[in-house]
Amino acid sequence: MGQLRDALGSVCPEIEGRARSRLAAEPSGGLHDWLPQRWAFETETESATLEIDAAGHASAVDGVSSHADVSILWSLSDLLEVLAAKSRSASFVGKNPKIRFRTPNGQRSFSLLRGALGL
């Protein structure tokens, strides 16, 4: 257990960089209004939640938050492959993930930051 959490943790610096860049570029509104966020990732064997706070800090924890703004359902192998990819410009491989937006702000923030995940 924890393989998914560790893979998400490895992309946290990139997510933080993108989030902080957007926060600095827009002194008010936009991403400022949409954070904090919780994105839940569920696979056939593991689950983890990516949390992004109001300052743009990102962290990953085991399990699914009951207050997730976004839910991503995908196979563990495909998700790990995408998270481990050196290039985030390439689109994901394999079957498409099921992405469910639980809040409007979840959809907005995910659209801005999803590239850091390779999604």
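Counting starts from 1 at the beginning of each chain's written sequence and moves along it residue by residue. For this predicted model, a pLDDT threshold of at least 70 governs which residues receive local features, and a threshold of 80 or more governs which side-chain atom pairs are given and counted, while totals over whole chains, interfaces and linings are taken from all residues. For the side-chain quantities, the full set of heavy atoms in the structure was used; hydrogens and water were omitted.

Draft legend 1. Main features of the packing of aromatic side chains. Whether two aromatic rings pair depends on their centres lying within 6.5 Å, for rings of Phe, Tyr and Trp, where Trp uses its six-membered ring; planes under 30 degrees apart make the pair stacked, over 60 edge-to-face, and the rest tilted. Applying the stated criterion across every chain yields a total of two aromatic pairs. Relative to Phe110, the ring of Trp39 lies with its centre 5.0 Å away and its plane at 80°, an arrangement referred to as edge-to-face. You can see Trp39 sitting in strand β1 (residues 37-42) and its partner Phe110 sitting in helix α4 (residues 104-113), a full 71 residues away along the chain. Each member of the pair Trp39 and Phe110 is classed as buried. What links up through ring pairs into an aromatic cluster is the set Trp39, Phe101 and Phe110. Put simply, DSSP marks the helices as runs of H or I at least four residues long and the strands as runs of E at least two long, and each gets a number from the N terminus on. Exposed residues in this analysis have more than 50% of their type's maximum accessible area, buried residues have under 20%, and partly exposed residues fall in between, with area computed by a 1.4 Å probe over protein chains only.

Draft legend 2. View of the pattern of salt bridges. Think of a salt bridge as a Lys or Arg side-chain nitrogen and an Asp or Glu carboxyl oxygen that are within 4 Å of each other. Taken as a whole and assessed by the stated rule, the structure comprises four salt bridges. The shortest N-O distance in the salt bridge between Arg5 and Asp62 comes to 2.6 Å. Taken together, the residues span a long stretch of sequence, with Arg5 in helix α1 (residues 3-25) and Asp62 in strand β3 (residues 58-62) at a distance of 57 residues. Given a relative accessible area of 26%, Arg5 falls into the partly exposed group.

Scope: geometric values only; no functional claims are made or implied.
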